[in-house]
Amino acid sequence: MIFKEKTKSIPISKQMVWEAYKLVRANKGSSGIDMQSISEFEKNRAKELYKIWNRMSSGSYFASAVKRVNIPKGSGKLRPLGIPTVSDRIAQQVVKTYLEPRLEAIFLDTSYGYRPNRSAHQALKSVQSNVLKHSWVIDLDIREFFENVNHELLFKALSVHVSEKWVLMYIKRWLEAPIQLEDGKLQYPQGKGTPQGGVISPLLSNLYLHYCIDKWMAINFPTIKMVRYADDMIVHCDTEKEAKELLSKIVCRFKECGLNVHPEKTRIVYCKKDRRPLIGKPVQFDFLGFSFLPVMTKLKRGGSFLQYSCKMSRKSKKRILQELRSMELHRRSQSSIQDLAKVLNPKIRGWINYYGKIRRNSLKPIFYYLHHRMIKWILKKYKRFKNSRKRAVKWLRRITNDYPNLFYHWTLGYKLT
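All values reported here derive from a predicted model rather than from experimental measurement.

Trainee: Summarise the sheet that holds strand S4 (residues 179-180); cite the residues concerned and give the values.
Mentor: Read across the sheet, 4 strands follow the order S2-S1-S4-S5 without closing on themselves; strand pairing throughout is mixed. Edge positions in the sheet fall to strand S2 (78-83) and strand S5 (186-187), since each of these pairs with one other strand and no more. Pairing of S4 with S5, which is carried by 2 bridges, proceeds in the antiparallel orientation. Along S5, the bridge assignment pairs Gln180 with Leu186.

Written out as structure tokens, the structure is:
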């Protein structure tokens, strides 16, 4: 052949970009600094995807600035999220899909967060099992983890498993991309941080914590049980002395990795249950939206005993109640009850699928409050009830019986009583 077929310098195929796009589209998400949404991206999809492929496969792809958005936390403080553009999310997904199987092979069973075929429920059940066998827990919280990931240490970990220069090049560009603050100013990373909200950030953070804590614990304390979901960690110990000594060593280890343990949120908790004496120590900790604490459990043959178990946390209930309150259902007097069901059912299904898998009855106060808001809506919508709550309750009770599948929780027996 006189003319050789032209090939790209980086082995990224159009199919890789297409598969990445489908994953990003499924995850939805808001627009980045260019204000381009997923739906707007799709209007020129072929052109946009070709542009991503052409630039990534030739090495000329550069990341845009990341949009900073602050969302409220349960404590009243704000959590900074970094939102890349749709194009950047697709590009990150290409590299994540390429790299993830390789890193998954070295990750340990102690980590559950943002990993394929692993879930928060698995992490919770692991903690449930461990607290029955071990009397003490170290509830670990890392202060501003995503903002303090050390780039030098991260690339040291990456270099062990990644030999492709183009992968390291693109990860470096994403980590060094400026952050556009809410006032429009640009903030440049100073050798640390990975935006919480980026597609590839969870994979990078798992790799970082794999070497920082997972593998370190496995080598130095192989008999100690630990459960980690992203940067939330629970460590199980047999004695208070063991917990205190281990915590001091973990604090030092995190400092070596450029991280700090939150002094107020990190604590040692006693897992009180029957046959474990009460010794005046904290007996409750929260993990992934659930509270672990002593719970009186009834026996089938009669009587009860004190067990250390978990249920939906007060913070989670407060957040959901606030969400229902902010919906202001009573102001939707133009809507039908079918319209309310259409809006509420996805939320109700989500709450039941997450919290109901552990202890469904903990959702009863949520549904009680929801029915209260619906009665308020009925009184506002139907003048014939003339502010008679008793008649409104009777009407709603009849609806639950005549249309038991209208609301998702009704199908599970959580009707107005």
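Trainee: How would you explain the packing of aromatic side chains if you had to name every residue and give the values?
Mentor: Using the criterion set out here, one finds 23 aromatic pairs in the structure. When the centroid spacing of 4.9 Å and the interplanar angle of 0° are considered together, the rings of Phe285 and Phe292 count as stacked. Pair check on accessibility: Phe285 and Phe292 agree, each one buried. By the ring-pair criterion, three or more aromatic residues cluster together here, those being Trp377, Tyr382, Phe385 and Trp395. Of note, Lys14 hangs over the ring of Trp53, and the distance from its end group to the ring centre comes to 4.9 Å.

Trainee: With reference to specific residues and values, describe the pairing of strand S7 (residues 232-237).
Mentor: In summary, the side chains of a regular strand alternate between the two faces of the sheet. Of all 6 residues that make up S7, 5 are buried, and the element is covered over most of its length. In terms of strand pairing, strand S3 (residues 136-141) meets S7 through 6 bridges, oriented antiparallel. Looking at the pairing, Val137 lines up with His236 of S7. Bridging between strand S6 (residues 225-229) and S7 involves 5 bridges; their strand directions are antiparallel.

Trainee: Go over the pattern of salt bridges, please, and point to the residues and values.
Mentor: Inspection of every chain in the model, using the stated rule, returns 14 salt bridges. Note that Glu164 is salt-bridged to Arg102, the shortest N-O span being 2.8 Å. With a gap of 62 residues between them, Glu164 in the loop between helix H6 (151-161) and helix H7 (165-176) and Arg102 in helix H4 (residues 86-104) connect regions that are remote in the sequence. Residue Glu164 is classed as buried on the basis of its relative accessible area, which comes to 16%. With relative accessibility at 28%, the residue Arg102 sits in the partly exposed group. Among the salt bridges present, the one from Asp214 reaches Arg228, with a minimum N-O distance of 2.7 Å. On the criterion of sequence distance, the pair formed by Asp214 in helix H8 (residues 201-220) and Arg228 in strand S6 is long-range, its members being 14 residues apart. A single burial state applies to Asp214 and to Arg228, both of which are buried.

Trainee: Before we move on, could you go through unusual backbone geometry and cite the residues and values that matter?
Mentor: A positive phi angle is found at Tyr114, which is not glycine, with a value near 55°. Turning to its location among the elements, Tyr114 is positioned in the loop between H4 and helix H5 (120-133). Within the chain, Glu144 stands out as a residue other than glycine whose phi angle is a positive 45°. Structurally, Glu144 can be placed in the loop between S3 and H6.

Trainee: Account for the sheet that holds strand S8 (residues 267-270), with residues named and values stated.
Mentor: Across the sheet, 4 strands lie side by side as S6-S7-S3-S8; this open sheet has antiparallel pairing. Two strands bound the open sheet, and with one partner strand each, they are S6 and S8. If you compare each strand with its neighbour and ignore which way they point, the axes differ by 20° on average. Bridging between S3 and S8 involves 4 bridges; their strand directions are antiparallel. From the neighbouring strand, Ile138 faces S8, where its bridge partner is Ile268. Taken strand by strand, H5 contacts S3, S6 and S7, and its axis lies near 155° from that of S6.

Definitions and cut-offs
Residues numbered from 1 in each chain as written. Predicted model: local features only at pLDDT ≥ 70, side-chain atom pairs only at ≥ 80, totals over all residues. Heavy atoms only, no water. Pairing = 2+ DSSP bridges. Helix = DSSP H or I, 4+ residues; strand = E, 2+ residues; numbered from the N terminus. Phe/Tyr/Trp six-rings, centres within 6.5 Å; stacked < 30°, edge-to-face > 60°. Buried < 20%, exposed > 50% of the residue type's maximum accessible area, 1.4 Å probe, protein only. Lys NZ or Arg CZ within 6 Å of the ring centre and 35° of its normal. Salt bridge = Lys/Arg side-chain N within 4 Å of Asp/Glu carboxyl O. Axes fitted to C-alpha atoms, helices over the stretch in contact; angles between N-to-C directions. Contact = heavy atoms within 4.5 Å.

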